[in-house]
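Read off the chains here:
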Amino acid sequence: MQPIALHKGPAAALAPAGQQAARQAAPKGRAAAPTAASRPASRGAGQRHTGRSPRLVVANTASIETQAQQAPPGPPPPETKYAATVEVAAVEKGVDVVRVACAERLPEVEFNLRRGTTTNSYLLKGAGSGYEALIDVPSLVFNVDFAGQLQSMGAVKTLRYILITRLTPERLPVLASVLRACQQQGLQLWLTNPALQLLNDRAAADENLANALKAVQVEVVSRGSELRLPGKRTLRFIPIPTPRWPDLVSIYSEEDKLLFSSNFFSAHAAPPSLAAGARNGPRSDWGWSEYGADWQYYFDCMLAPAARQAATALERLNINASLSGGKGGGLGAVLSRLADLVTELTMGADDGVAEPLAVSAIAPMHGPVVRQSLTELVRRYGEWTKQQLEAAATASVAVLYASAYGNTASLAQAISHGVTKAGVGVETLNLESAGLDELERLLDRCSGFVLGSPTLGGHMPTQVQTALGTIIRNSNAKQVTCSVFGSFGWSGEAVDMMEKRLKDAGFRFAFDPVRCKFKPTSQTLQLCEESGLDLAQEVKRAQKRKERLAAAKLSVAETASGKALALGRVLGSLCVLTAKDGDAQGAMLASWVSQASFDPPGITVAVKRDRAVESMLPVGAGFVLNVLAEGKDRPVMKRLLKPFKPAEDRFGGMEVLRSEATGAVILPEAASYLECTVSQRMEAGDHYLVYATVDSGKVLQDNAQSVVHYRKIGTSY
Ligand SMILES: Cc1cc2nc3c(=O)[nH]c(=O)nc-3n(C[C@H](O)[C@H](O)[C@H](O)COP(=O)(O)O)c2cc1C
């Protein structure tokens, strides 16, 4: 093994900008304007690094000074830490999980953290009884003393290896504190090259971190890297990068049949009690019914927009639960089909399906250790990925962005989520690392695109500027719908520049550019998600127009099968479902509503997958079901059927009542309303079937009849 020296060359010259960046990356922190004292040392224009990655280059360096002097932002708000608990439990013999669990709702609404979150680190014992290796450290946003925890477990004296599957700026201070606590000679840090780049950048600007790293040997892992722990285990590293997580790597322990899967197979949810997840605890596992929705939401938000990379990762992992005695078959067949699809889409796929990994448990970075639901979750990952790839094969939106500190990346993620909700594929490209060939290929096949950029030095980074030139020259890109977005600190020129250049070149915008000051709020993310939905609807409309042109028109009577006509005779009463989630609120017309239970009183509502309000209806969420009254339904229907701008108030200017429990809208002209809590959700084709218990209700118009929704055919509402 060759220890890799941490380079302190060029990055050291950028120390002031790096310090700036480090401040910004602190939890909930905001960047302060670069001041004269913190300004980067002068280098050639276009060559200056931005702080996080040496690859993201500021195009117009001269204006960093001008902008900072003209409009410095306010002081950064105080850092917030979230109350969290640390719990330790056995995963396998000689493998413990140290779980930092936070039940609070965190502001990262892109993860829908209603149920809190967990961050897992794992400790592996060596030949003796002491801990030999640590996998991952938590973020400093949690108010826990992680190094102190390791100390109390005696780990700091015995650890020889620290293995990192995902590194973020927020984890670096915790990593530094662990390294400082471990004083023993020959401590090794294993991580991927992109993670090392982040480490180098930050170490160049952060003396504490640089000092902590002095006594550490760094080993860069790649596909095929192995670490033999004295005594019993061999750990195999399997990189599984995505555009958002370029440094992601999983670790497989053959002896334990355990896969440390990093962000894959994760869920954001705080466990009611850690003991429930421990092998020898009161229950052996958390099951699909408790966490299925969280696993799926995590996949939808974080991996659906990177389905191509997710397919490659699943192929590389080729998890076979059956080899280890679990129920059901492995993923072999699904993955082979996936591999074919990926090959078609990428024109040059990965180097084939890997040997199956026998896995009896998955130890992810967030959420429960997966054991009982292993076969189910792995199978679902294959299915979800395949669905996304198939959607992308029909129509896909290219999400192109660069992001130095993650804010523009969050916007990209929210837009992508909106697009995938509408059943349109997303292909994400991080312009920081992507080649121009890859960009060209993506532009040639996309049915729409969005371009995101931060403003750095009064400009967009060079990579975005170059990509913009490529986009403007691409003949397919010109035909499709698009928009732009980006985060900024005080002047925000990048989004204006992208908008102007694309509009001047005749590009059609599907939604208004999204400009976001520093870190997006939940409202901005809702705006992004709904903008993504709008763009996807536009893509679908264009697709339909194409299909209509290609095929001869058939009348409803000709196309309608007896089945569809018969289905059209099924009746439901017309309702308006309303929900509120923090500042965000949503509403939809619902006619596929039915009573489903007497005791407790319960109803089902079918919610189309691409409804904006769908994301406000996770298990446990409250909503109001307004049953419309005959003769008073028209104005409400008219209002709800007209197109809305993303995040626009559906009931603006109307007199409405509010539910005391949830704040959701109650329509005074409704015949009656019910206040409900989502109890279960089921995938039902292109809808979700939401089962909710009725908490309370009221008849508002004594003599009113409910509106019954008559249809001609079962293929539309
Ligand atoms: C070196 C540097 C230069 C910046 N220059 C500008 C600027 O000229 N105008 C501006 O509005 N914001 C500027 N910012 C603030 C960033 O645009 C802001 O932090 C944004 O949230 C970054 O987005 P990202 O997280 O996607 O990288 C600058 C930040 C840094 C660190």
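Conventions and cut-offs
Residues numbered from 1 in each chain as written. Predicted model: local features only at pLDDT ≥ 70, side-chain atom pairs only at ≥ 80, totals over all residues. Heavy atoms only, no water. Helix = DSSP H or I, 4+ residues; strand = E, 2+ residues; numbered from the N terminus. Buried < 20%, exposed > 50% of the residue type's maximum accessible area, 1.4 Å probe, protein only. Contact = heavy atoms within 4.5 Å. Areas by Shrake-Rupley, 256 points an atom, 1.4 Å probe, with all protein chains shown as cover. Lys, Arg positive; Asp, Glu negative; His and termini not counted. Salt bridge = Lys/Arg side-chain N within 4 Å of Asp/Glu carboxyl O. Patch = residues over 30% accessible without salt bridge, like charges linked within 9 Å, V, L, I, M, F, W, Y side chains within 5 Å. Pairing = 2+ DSSP bridges. Right-handed = clockwise from strand over helix to strand, strands pointing away. Axes fitted to C-alpha atoms, helices over the stretch in contact; angles between N-to-C directions. Parallel < 35°, antiparallel > 145°, perpendicular 65-115°, else oblique. Nonpolar A, V, L, I, M, F, W, Y, C, P; charged D, E, K, R; others polar. Expected span 1.5 Å × (residues − 1). Disulfide = S-S within 2.5 Å. pLDDT = per-residue confidence, 0-100. Phe/Tyr/Trp six-rings, centres within 6.5 Å; stacked < 30°, edge-to-face > 60°. Lys NZ or Arg CZ within 6 Å of the ring centre and 35° of its normal.

S.K.: Tell me about the overall build of the protein chain, residues and numbers included.
M.R.: Of regular secondary structure, the protein chain possesses 21 helices and 31 strands. Scored against the burial criterion, the 717 residues of the protein chain give a buried share of 58%. Taking all contacts inside the protein chain whose residues are at least 6 apart in sequence as the whole, residues at least 24 apart take part in 73%. Total accessible area computed for the protein chain in this model is approximately 29,100 Å², and 51% of it derives from carbon and sulfur atoms.

S.K.: Run through the side chain of glutamate 132, naming residues and quoting values.
M.R.: Relative to the assigned elements, glutamate 132 resides in strand β4 (residues 131–135). At 4.2 Å, arginine 160 is the nearest oppositely charged side chain to glutamate 132, a buried residue that forms no salt bridge. Apart from residues lying up to four places away in sequence, glutamate 132 is in contact with Leu124, Lys125, Gly126, Ala127, Thr158, Leu159, Arg160, Tyr161, Leu229 and Pro230.

S.K.: Break down a nonpolar patch on the surface for me, with residues and values.
M.R.: Together, Leu571, Val708 and Tyr710 give the surface a local cluster of nonpolar side chains, amounting to about 320 Å² of exposed area. Within the secondary structure, leucine 571 is located in the loop between α20 (562–567) and β21 (572–573).

S.K.: Can you break down the pairing of strand β6 (residues 188–191) residue by residue, with the values?
M.R.: Here β6 shows two buried faces, one formed by Gln188 and Trp190 and the other by Leu189 and Leu191. Bridge count between strand β5 (residues 161–163) and β6: three bridges; the pairing is parallel. Looking across to β6, one finds that leucine 163 is bridged to tryptophan 190. Read from β5 through helix α6 (residues 172–181) to β6, the crossover connection turns out right-handed. Of the strand pairs in this sheet, β6 and strand β7 (residues 217–220) are connected by four bridges, and their pairing is parallel. Residue pairing across strands places leucine 189 opposite valine 218, the latter belonging to β7.

S.K.: So what's going on with the packing of helix α9 (residues 288–303) against helix α13 (residues 407–421)? Residues and values would help.
M.R.: The interhelical angle for the contact between α9 and α13, taken along N-to-C directions, is 115 degrees, at an axis separation of 8 Å. On the basis of their axis angle, the class for α9 and α13 is roughly perpendicular. Of the residues in α13, those in contact with Tyr297, Asp300, Cys301 and Met302 of α9 are Gln413, His417 and Thr420. Here the contact of α9 with α13 is composed, by residue class, of three nonpolar, three polar and one charged.

S.K.: Talk me through the sheet that holds strand β14 (residues 361–364); I want residue IDs and the actual numbers.
M.R.: Strand order in the open sheet made by the five strands is β8-β9-β10-β11-β14, with mixed pairing throughout. In this open sheet, the two strands that pair with only one neighbour each are β8 (226–228) and β14. The average angle at which neighbouring strand axes cross in this sheet is 20 degrees, direction not considered. Pairing of strand β11 (residues 258–262) with β14, which is carried by four bridges, proceeds in the parallel orientation. Pairing of leucine 259 across the sheet is with isoleucine 362, part of β14.

S.K.: Explain unusual backbone geometry residue by residue, including any values.
M.R.: The step from aspartate 599 to proline 600 runs through a cis peptide bond, and the omega angle for that step is 0 degrees. The residue proline 600 is located in the loop between β24 (593–597) and β25 (602–608) in this model. With a phi angle near 55 degrees, serine 262 is a residue other than glycine that sits in the positive phi range. Counting through the fold element by element, serine 262 comes out in strand β11. Residue phenylalanine 518 is not a glycine yet carries a positive backbone phi of 50 degrees. Mapped onto the elements of the fold, phenylalanine 518 is located in the loop between β20 (514–517) and α18 (522–550). Under the relative-accessibility criterion, phenylalanine 518 is labelled buried at 7%.

S.K.: Go over helix α15 (residues 462–473), please, and point to the residues and values.
M.R.: The end-to-end C-alpha distance of α15 is 17 Å, a good match for the 16 Å that twelve residues give at a rise of 1.5 Å each. The complete set of buried residues in α15 reads Gln463, Val464, Ala467, Leu468, Gly469, Thr470, Ile471 and Ile472. Lining the buried residues of α15 we find β15 (396–401), α14 (436–445), β17 (448–452), α16 (475–479) and α17 (493–504).

S.K.: Before we move on, could you go through the state of the cysteines and cite the residues and values that matter?
M.R.: Applying the stated criterion to the full structure yields zero disulfides. This cysteine, cysteine 516, is not joined by any disulfide, and cysteine 528 carries the nearest cysteine sulfur, 7.2 Å off.

S.K.: Tell me what's going on with the sheet that holds β7, and back it up with residues and numbers.
M.R.: Strand order across the open sheet formed by seven strands is β1-β2-β3-β4-β5-β6-β7, with mixed pairing between neighbours. Of all strands in the sheet, those with a lone pairing partner are β1 (85–92) and β7, marking the two edges. The sheet shows a mean angle of 25 degrees between the axes of neighbouring strands, direction not considered. Bridge count for strand β2 (residues 95–102) against strand β3 (residues 117–125) is eight bridges, and the pairing is antiparallel. Bridge pairing links valine 98 to serine 121 in β3. Strands in contact with helix α7 (residues 193–205) are β6 and β7; relative to β6, the strand with the most contacts, it is inclined by about 120 degrees.

S.K.: How would you explain the confidence of the model for the protein chain if you had to name every residue and give the values?
M.R.: Looking at the protein chain as a whole, the pLDDT averages 82, with 78% of positions reaching at least 70. No element of the protein chain has a lower mean pLDDT than helix α1 (residues 10–13), at 26, and none a higher one than β17, at 98. The low-confidence segment residues 1–54 (pLDDT under 50) makes 129 contacts with residues lying over four places distant or belonging to another chain. Between residues 274–284, whose pLDDT stays under 50, and residues either more than four places distant or in other chains, the model counts 27 contacts.

S.K.: Tell me about the packing of aromatic side chains, and name the residues and values.
M.R.: One pass over the structure, following the stated rule, counts 14 aromatic pairs. Their ring planes at 85 degrees and their centres at 5.9 Å tell us that phenylalanine 449 and phenylalanine 507 sit as a pair that is edge-to-face. Residue phenylalanine 449 is found in strand β17, and its partner phenylalanine 507 is found in the loop between α17 and β19 (508–509); the two are separated by 58 residues along the sequence. For the pair shown, phenylalanine 449 and phenylalanine 507 are each scored as buried. Each residue in the set Phe264, Phe265, Trp288, Tyr291, Trp295, Phe299, Tyr381 and Trp384 is aromatic and connected to the rest through ring pairs, giving one cluster. The cationic tip of lysine 503 hangs over the ring face of phenylalanine 509; the distance from NZ or CZ to the ring centre is 4.8 Å. Positioned over the ring face of tyrosine 688 is arginine 609, at 4.7 Å from the centre of the ring.

S.K.: Mind laying out the environment of aspartate 145, listing which residues take part and the relevant values?
M.R.: With respect to the secondary-structure elements, aspartate 145 resides in the loop between β4 and α4 (146–152). In this structure aspartate 145 comes out as exposed when scored by relative accessible area, which is 55%.

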